[in-house]
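What the coordinates show
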Amino acid sequence: MTSVTIAAIAPAGGAPSSASGSGPQQPPIRPEAEHALPAAPADIQARALPLATRLLQHPLLRKAIILAVLALVWEVAARWQDNDLLLPTFTQTAATLVRDLANGELLAKAAVSLGILVQGYLLGVAGALLLTVLAVSSQWGRDLLTTLTSMFNPLPAIALLPLALLWFGLGQGSLLVVLVHSVLWPLALATYAGFQAVPDTLRMAGRNYGLRGVRYVLQILVPAALPSILSGLKIGWAFAWRTLIAAELVFGASSGKGGLGWYIFQSRNELYTDQVFAGLALVIIIGLLVETLGFHQLERVTVRRWGVQR
């Protein structure tokens, strides 16, 4: 067998490098150079950002500017339309909203709607957590969750309203049925997806500590999957809120009292378009308050503080 020795070819002007790791250390081809940096001025100071830039860095101010622009567009479009029956102006709607809030009518309607909403929402959350715990505990529970979500998640909650009316009558029972349906399936899917995404390292750590069953779910899976759970809670809240308003628009009352949807429906029948828009505006305001003061603060003190979510 003929042995072939490969010699390293050095660049022009340099010494040949050794083919093996042994041998004397060769000098660098290009000598290193160190340049001293000039000293920083003694009177250097950090330049403050302009006031407008600092103000625009505040998220609440940016959102307020967006809302102000939308209100201005609404006002201009309504004045151009010049028909209060079709589109009242923003100022007219705001005046109606303040008036009905001051006389207590809208507050009473909102209290009725929110009272039913909280009950249905909590029942839906409890059902979703129960299904998810079963899904991560056994194969039968996993099959049950996937089968039920495939069947009922595409079904609109408002489509169950006729059956709910037949079974539970004109009362809170029928509203609770459609609310639980609107919350249960999206939250269960989001929670289960979050559990599936938990790293194996955390799972093995929990098992090494002897955690099983409910303790394993509450101490390992829930904290790690909390971003997905919070997303499911927000989606379930939005679905429940709009389902409730739609259901109240259909039959409106529970225990003889109507909510915000019924207020909007009655105003439409009486051709009080400004009241219709005032009711819709209150629905939006409640949604913004729940998102800002509820879910946003919950994320700030949990997943953002823990570094799980940016």
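Everything below is about the structure shown above.
As a starting point, this report considers the structure included with it. (Residues numbered from 1 in each chain as written. Predicted model: local features only at pLDDT ≥ 70, side-chain atom pairs only at ≥ 80, totals over all residues. Heavy atoms only, no water.)

So, about the packing of helix 6 (residues 161–168) against helix 7 (residues 172–196). Between helix 6 and helix 7, the shortest axis-to-axis distance is 8 Å and the interhelical angle comes to 145°. The two elements helix 6 and helix 7 cross, and the hand of that crossing is right-handed. Side by side, helix 6 and helix 7 meet where Leu161, Ala164, Leu165 and Phe168 of the first sit next to Gly173, Ser174, Val177 and Val178 of the second. Tallied by class, the residues present in the contact of helix 6 with helix 7 amount to six nonpolar, two polar and no charged. (Axes fitted to C-alpha atoms, helices over the stretch in contact; angles between N-to-C directions. Helix = DSSP H or I, 4+ residues; strand = E, 2+ residues; numbered from the N terminus. Left-handed = near helix turned anticlockwise from the far one by under 90°. Contact = heavy atoms within 4.5 Å. Nonpolar A, V, L, I, M, F, W, Y, C, P; charged D, E, K, R; others polar.)

Looking at the element boundaries, Thr132 is found in helix 4 (residues 105–137). Beyond its immediate chain neighbours, meaning those up to four positions away, Thr132 contacts Ala188, Thr191, Tyr192 and Phe195.

Enumeration according to the criterion identifies three salt bridges in this entry. In this structure, Asp100 and Arg99 form a salt bridge, with 3.2 Å as the shortest nitrogen-oxygen distance. Since its relative accessible area comes to 2%, Asp100 is described here as buried. Glu291 is the salt-bridge partner of Lys234, the closest N and O atoms lying 3.9 Å from each other. (Salt bridge = Lys/Arg side-chain N within 4 Å of Asp/Glu carboxyl O. Buried < 20%, exposed > 50% of the residue type's maximum accessible area, 1.4 Å probe, protein only.)

What follows is about the packing of aromatic side chains. This structure, assessed with the given rule, holds five aromatic pairs. Consider the rings of Trp74 and Phe277, whose centres lie 5.6 Å apart with planes at 40°: the pair is tilted. Within this pair, whereas Trp74 is found in helix 2 (residues 59–81), its partner Phe277 is found in helix 12 (residues 273–301), the two being separated by 203 residues in sequence. When the centroid spacing of 5.6 Å and the interplanar angle of 20° are considered together, the rings of Phe152 and Trp185 count as stacked. Linking Phe152 in helix 5 (residues 139–152) with Trp185 in helix 7, this pair joins segments that are 33 residues apart in sequence. Site record: aromatic cluster; members linked through ring pairs are Trp74, Phe90 and Phe277. (Phe/Tyr/Trp six-rings, centres within 6.5 Å; stacked < 30°, edge-to-face > 60°.)

A separate point is a nonpolar patch on the surface. A cluster of nonpolar residues, Leu51, Leu55, Leu56, Leu61, Ile65, Val69 and Val73, forms a patch on the protein surface that exposes about 590 Å² of accessible area. By residue number, the principal contributor to the nonpolar patch is helix 2, which donates four residues. With respect to the helices and strands, the residue Val73 is situated in helix 2. Residue classification places Val73 among the exposed residues on the basis of a relative accessible area of 52%. (Patch = residues over 30% accessible without salt bridge, like charges linked within 9 Å, V, L, I, M, F, W, Y side chains within 5 Å. Areas by Shrake-Rupley, 256 points an atom, 1.4 Å probe, with all protein chains shown as cover.)

Bringing the packing of helix 9 (residues 213–224) against helix 10 (residues 226–250) into the picture now. The contact between helix 9 and helix 10 brings their axes to 5 Å, and the two run at 70°. With respect to helix 10, the element helix 9 is oriented roughly perpendicular. Listed contacts from helix 10 to Val222, Pro223 and Ala224 of helix 9 are Leu226, Pro227 and Ile229. In the contact of helix 9 with helix 10, the residues fall into six nonpolar, no polar and no charged. (Parallel < 35°, antiparallel > 145°, perpendicular 65-115°, else oblique.)

Classification of Phe277 as partly exposed rests on a relative accessible area of 22%. Note: C-alpha distance between Phe277 and Thr89 (188 residues apart in sequence) is 9.7 Å. Not counting the four nearest positions on each side in its chain, Phe277 is found in contact with Trp74, Leu86, Leu87, Pro88 and Thr93.

Now for the nonpolar core. Leu233, Trp241 and Leu260 are the most contacted members of the largest nonpolar core, which has 52 residues in total. Contributing elements (two or more residues each) for this core: helix 4, helix 7, helix 9, helix 10, helix 11 (260–269) and helix 12. (Core = buried A, V, L, I, M, F, W, Y, C linked by side-chain atoms within 4.5 Å.)

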